[in-house]
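# Notes for the structure review
Take a look at the letters that make up each chain.
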Amino acid sequence: MSKTTTLPSVCPLDCPDRCSLDVDVRGEMVTEIRGSRLHSLTGGFICSKVAGFAGRLYGTDRLLRPLRRSGPRGSGRFDPIPWEEAIAEIASRLRSIVDEYGGEAILPVFYGGSNGLMTQGLVDEHLFRRLGASRLARTVCAASTTAAGRALYGGMPGVAFEDYPEARFILIWGANPAASNIHLVPWLKKAKRRGAKIAAVDPRRVLGDELVDHRLQPWPGTDVVIALAMIRHLDEAGLADRDFLARHTEGWEELRECARAHTLDKAAAAARVRPGDIARMAEAYAEADPALIRCGWGLERNRNGLAGVAAVLALPAVAGKFGRRGGGYSLSSGGAYRVDGNHLSAAREQDSRIINMNQLGRVLTGDCDPPIKALFVYNCNPLITLPDQNRILQGLRRDDLFTVVFDQVMTDTAGYADVVLPATTFLEHTELSKSYGGYAVQLGEPVVAPRGEARPNAEVFHLIGRALGFSDCLFAESPEDLLQRATGALKGRFEAILSPELLRSRRIVHCDLPGRRPEQFVNVFPDTDERRIRLFSRELGPEPYRYTDYSASPEYPLALISPASSKSISSTLAEIRPKPVRVSMNPADARQRGLADGDRVRVFNELGEVHCILRLDDRLREGVASLPKGFWFRSSLNGSGGNALVPDSLTPVSGGACFNDARVEVEGIE
């Protein structure tokens, strides 16, 4: 019997935690994946999703060789072809498209299937810049949070999770750590044991009642009026920190004027909550010291999302919560790393057109000059994850659209490709990972050989580039050269000079801010003029805090939300052990429609419909239905995904996705 060997790795998937891993390998097979203690934030445990990653590695959906479509689009009929033939065909088609229509007729579509620097933004970006391809506005997530964070604070790094126990009040707004940031939960529990009060703002009753002291369950899209009403209440109650505002901010009077329009009563009516609950939460937050806000990504997923995030991020400045450990806000740690994209890709960004990924369906089916003639999909499953799913499906069915999907498994998007390429997983290739929730860089190297003929991203884009006749720059660099380039692209402050050799010996290198963790207004400051917080930034448009009422219609009275699931990371791993998807509703809404738990139902609007199973959930506020994010076609009863119901409307200025603007009705079916 083969001996079991334990090897180190790191999870690069789309999650703030960026866990260090111990992987057991026996006879070239992964037998177990566990959390290691290399990264203190991981603390020896991981989510069940990554613990079960071998289900993707060895599952029946795994792609093992290049494929060419041999039947109608979507038929699932493909024939294996050699790598050389696949690369030659891709290069030939791309070259002919550039010659006839120009480089902008090519559109790369990619997102967070891997957040590593070796698999995204390196050779891939270099190739598409050299081709003059259309640029992708990667706005399906974090567009509004990033824009608001930069406008107010210049991307200042957020409070580290390890410092949450120092806080006496923690406000979790639009996030559910139990599903998508599990390594924050132990620190919340520790803070609770030390006497902290915890509040949550979410349409669902997230986290347990034993943990949460204050709750608001607003109607989706009304976060901005709640935050502005809190700011007005703090101002009128004498709880605003006027000394901090005078010394460290600009635009306070303009923000104050915006907040004046939002009384507690008006905000409560719009958000469908009680005015006293808003006031009590504001007072508890202001009176606690230290106090912090965990701003999640849930509140940005609507047309008021940018204004909502900006108003929430203004609260720590208004209440003067900076300058002490455990005080301030957490959003992203990305500002600590400062990735130089031009160094990483070794080519300056072209002045080609920008296409918002949230309107991919519109671009593929409408008038576009030049038209998109080639779609190259990697690190992404757009048919499942992007809005207006049925229009994307219509575009993917175009006979004149050459589509390449480069993925680890046969996704729903891959079913409509002309050529499918098999990609390695993070357990089979070298990956350099930073985090958007922690403050360390980690190196993961292969623990097993690639399955079948799967190849790493950098190698495949290298092959395509050389087949197109490019032989210089990144196309001439070895894998070790590329790793050196990736480490050199990180321009943040670290406890040691980054190099492949250092990372191989230590596996993890922490930031030095100075110190391993940021303390806002102590060792990290706003990256703005004179380090001042811009409370009324024109970067957010002429009316940064504008609220528009997007109420439901009599025809479609329910707001549909699509929160993160404990079963998948966006759509990644949703193919493993698929079960019929369930839509959650408050029991009162179900009774009004004559529906019972376990009924087969139809969730529908003017864009599409999803057939699924009803789950009654009194943790969900009335007037809201919930479908999990990222489920594949196979999980619904009619072969449709949740984004078939989502409009492709955009958040003003940031261009973010508006998943929670979907309005639907639910009825029973036989």
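One can find the structure itself at the top, above this paragraph.
Note that the coordinates shown come from a computational prediction; the quantities given were computed from them, not determined experimentally. (Residues numbered from 1 in each chain as written. Predicted model: local features only at pLDDT ≥ 70, side-chain atom pairs only at ≥ 80, totals over all residues. Heavy atoms only, no water.)

## So, the pattern of salt bridges
- According to the stated counting rule, one finds 51 salt bridges in the structure shown.
- Its salt-bridge partner being Arg-232, residue Glu-236 comes within 3.0 Å of it at the nearest N-O pair. Here the residue Glu-236 and the residue Arg-232 both occupy positions in helix H8 (residues 223-236), the gap between them amounting to four residues, near one helical turn.
- The class of Glu-236 is exposed, set by a relative accessible area of 56%.
- Look at Arg-232 and you get partly exposed, because its relative accessible area is 21%.
- The salt bridge involving Arg-602 is made with Glu-609; its shortest N-O contact spans 3.0 Å.
- Exposure remark for Glu-609: the relative accessible area of 28% places this residue in the partly exposed category.
- What you see here is one network of salt bridges that share partners, running through Asp-163, Arg-325, Arg-517 and Glu-519. (Salt bridge = Lys/Arg side-chain N within 4 Å of Asp/Glu carboxyl O. Helix = DSSP H or I, 4+ residues; strand = E, 2+ residues; numbered from the N terminus. Buried < 20%, exposed > 50% of the residue type's maximum accessible area, 1.4 Å probe, protein only.)

## A word on a positive patch on the surface
- Taken together, Lys-567, Arg-577, Lys-579, Arg-582 and Arg-615 make up a surface patch of like positive charges.
- Mapped onto the elements, Arg-582 comes out in strand E23 (residues 582-585).
- Taking relative accessible area as the criterion, Arg-582 reaches 34% and is therefore assigned partly exposed. (Patch = residues over 30% accessible without salt bridge, like charges linked within 9 Å, V, L, I, M, F, W, Y side chains within 5 Å. Areas by Shrake-Rupley, 256 points an atom, 1.4 Å probe, with all protein chains shown as cover. Lys, Arg positive; Asp, Glu negative; His and termini not counted. Charge placed at Lys NZ, Arg CZ, Asp CG, Glu CD.)

## Here's the deal with a negative patch on the surface
- Judged by side-chain charge, Glu-250, Glu-254, Asp-529 and Glu-530 come together as a negatively charged surface patch.
- Tracing the chain through its elements places Asp-529 in the loop between strand E20 (508-510) and strand E21 (533-534).

## What about the sheet that holds strand E5 (residues 78-80)?
- The strand order across the open sheet built from six strands is E5-E4-E17-E16-E15-E6, with neighbouring strands paired in mixed fashion. A strand with exactly one partner marks an edge of an open sheet, and here the two such strands are E5 and strand E6 (106-109). Strand-to-strand, the axes of this sheet are offset by a mean angle of 20 degrees, without reference to chain direction.
- Note that strand E16 (residues 402-407) and strand E17 (residues 419-422) share four bridges and pair parallel. Across the sheet, residue Asp-407 finds its bridge partner in E17, namely Pro-422.
- Running over the sheet, helix H3 (residues 83-101) touches strand E4 (67-69), E6, strand E15 (374-378), E16 and E17 and is turned about 130 degrees from E17. (Pairing = 2+ DSSP bridges. Axes fitted to C-alpha atoms, helices over the stretch in contact; angles between N-to-C directions. Contact = heavy atoms within 4.5 Å.)

## Considering the pairing of strand E24 (residues 600-604)
- The sheet contact formed by E24 and strand E25 (residues 609-616) spans five bridges and is antiparallel. The residue bridging Arg-600 from the neighbouring strand is Ile-613, located in E25.
- Counting the residues that bridge the hairpin from E24 to E25 gives four residues.
- Sheet topology places E24 next to strand E27 (residues 663-668); four bridges connect them, and they run antiparallel. Note on E27: the bridge partner recorded for Phe-604 is Glu-665.

## Here's the deal with the nonpolar core
- Formed by 173 residues in total, the largest nonpolar core has its most connected members in Trp-173, Leu-375 and Ile-464.
- Per element, the largest residue contribution to this core is twelve residues, and it comes from helix H13 (residues 305-319).
- Excluding residues that lie within four positions of it along the chain, Trp-173 makes contacts with Val-201, Asp-223, Ile-226, Ala-227, Met-230, Arg-294, Cys-295, Gly-296, Leu-299, Val-312 and Leu-315.
- With 21 residues, the next largest nonpolar core counts Cys-19, Val-30, Leu-57 and Ile-182 among its residues. (Core = buried A, V, L, I, M, F, W, Y, C linked by side-chain atoms within 4.5 Å.)

## A closer look at the sheet that holds strand E19 (residues 440-444)
- Taken in spatial order, the three strands of this open sheet run E18-E19-E20, and their pairing is antiparallel. At either end of the open sheet lies a strand with only one pairing partner, and these are strand E18 (431-433) and E20. In this sheet, adjacent strand axes meet at a mean angle of 10 degrees when their direction is disregarded.
- One ladder, built from three bridges, connects E19 with E20; its direction is antiparallel. Across the sheet, Ala-440 pairs through a bridge with His-510, a residue of E20.

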